Amino acid sequence: TPYEDIWKEVRENTTGSIFEVQCRGLTPATAIGGFTETQGIRGMYGWGFNTPTEDLRSIYDANDVRDDAIFIEAGQTLWDGVQVISPTENTYYNYKAYVSKHSESATEDSWQSNKNYRVLRYADVLLILCEALWNIDPQNEEIYTYLSSIRQRAGLMPVTADDYATSQDLLDAILLERRREMAKIGR
């Protein structure tokens, strides 16, 4: 699944997802209450809490497709054609929490959402595996295979042992890639 599509309702429970909180039903049984509204664009769709930071934004390379799939900015046109107001109160908003009122099944109560919450993804497991393999044997070639698969889907070059001067550099790269891939914002 292309990274920018992971968070859309049509991509729920696909092969890249291992565990999701299923968010269908009638209020109050729908969704994780307030997940999307609290993180939504202040003045448009929510309160603007729990927003991505400049520190998180700074770790993405120019060609990394995950950047555009994680950050919402003032004036941006979203995937469903919605134009974000400009200026906005916060510099960035969490695209992963965005629910399209036009292209996804939204509920009448904006505190509730029909969009599943992704808890554990296959990419996360691969990055956990990379770290575990590094702890067993930092020379294990499988590390580069799994790490490269994550990077290539993000539009980045694969990696080899030649890219890292020390095993600590490799571990640092694994941890950085995990931060880029998961882009944990709260929760």
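Rules of the game
- Residues numbered from 1 in each chain as written.
- Predicted model: local features only at pLDDT ≥ 70, side-chain atom pairs only at ≥ 80, totals over all residues.
- Heavy atoms only, no water.
- Axes fitted to C-alpha atoms, helices over the stretch in contact; angles between N-to-C directions.
- Helix = DSSP H or I, 4+ residues; strand = E, 2+ residues; numbered from the N terminus.
- Parallel < 35°, antiparallel > 145°, perpendicular 65-115°, else oblique.
- Left-handed = near helix turned anticlockwise from the far one by under 90°.
- Contact = heavy atoms within 4.5 Å.
- Nonpolar A, V, L, I, M, F, W, Y, C, P; charged D, E, K, R; others polar.
- Core = buried A, V, L, I, M, F, W, Y, C linked by side-chain atoms within 4.5 Å.
- Buried < 20%, exposed > 50% of the residue type's maximum accessible area, 1.4 Å probe, protein only.

### Some thoughts on the packing of helix H4 (residues 122-136) against helix H6 (residues 167-182)
Angle between the axes and distance between the axes are the two parameters that describe a pair of packed helices. At a closest axis distance of 10 Å, the pairing of H4 and H6 adopts a crossing angle of 165°. Relative to H6, the element H4 is oriented roughly antiparallel. Judged by the twist between their axes, the crossing of H4 over H6 is left-handed. Along its contact with H4, which presents Ala-123, Asp-124, Leu-127, Ile-128, Cys-130, Glu-131 and Trp-134, the element H6 presents Ser-167, Gln-168, Leu-170, Leu-171, Ile-174, Leu-175, Glu-177, Arg-178, Glu-181 and Met-182. Of the residues that constitute the contact of H4 with H6, the class distribution is ten nonpolar, two polar and five charged.

### Focus on the nonpolar core
Counting residues in hydrophobic clusters, the biggest one holds 16 residues, and the most contacted among them are Trp-134, Ile-143, Leu-147, Tyr-164, Leu-170 and Ile-174. At the level of elements, H4, helix H5 (142-153) and H6 are the ones that each hand at least two residues to this core. Of the residues forming this core, the biggest block, six residues, is contributed by H4. With eleven residues, the next largest nonpolar core counts Tyr-3, Tyr-60, Ala-69 and Phe-71 among its residues.

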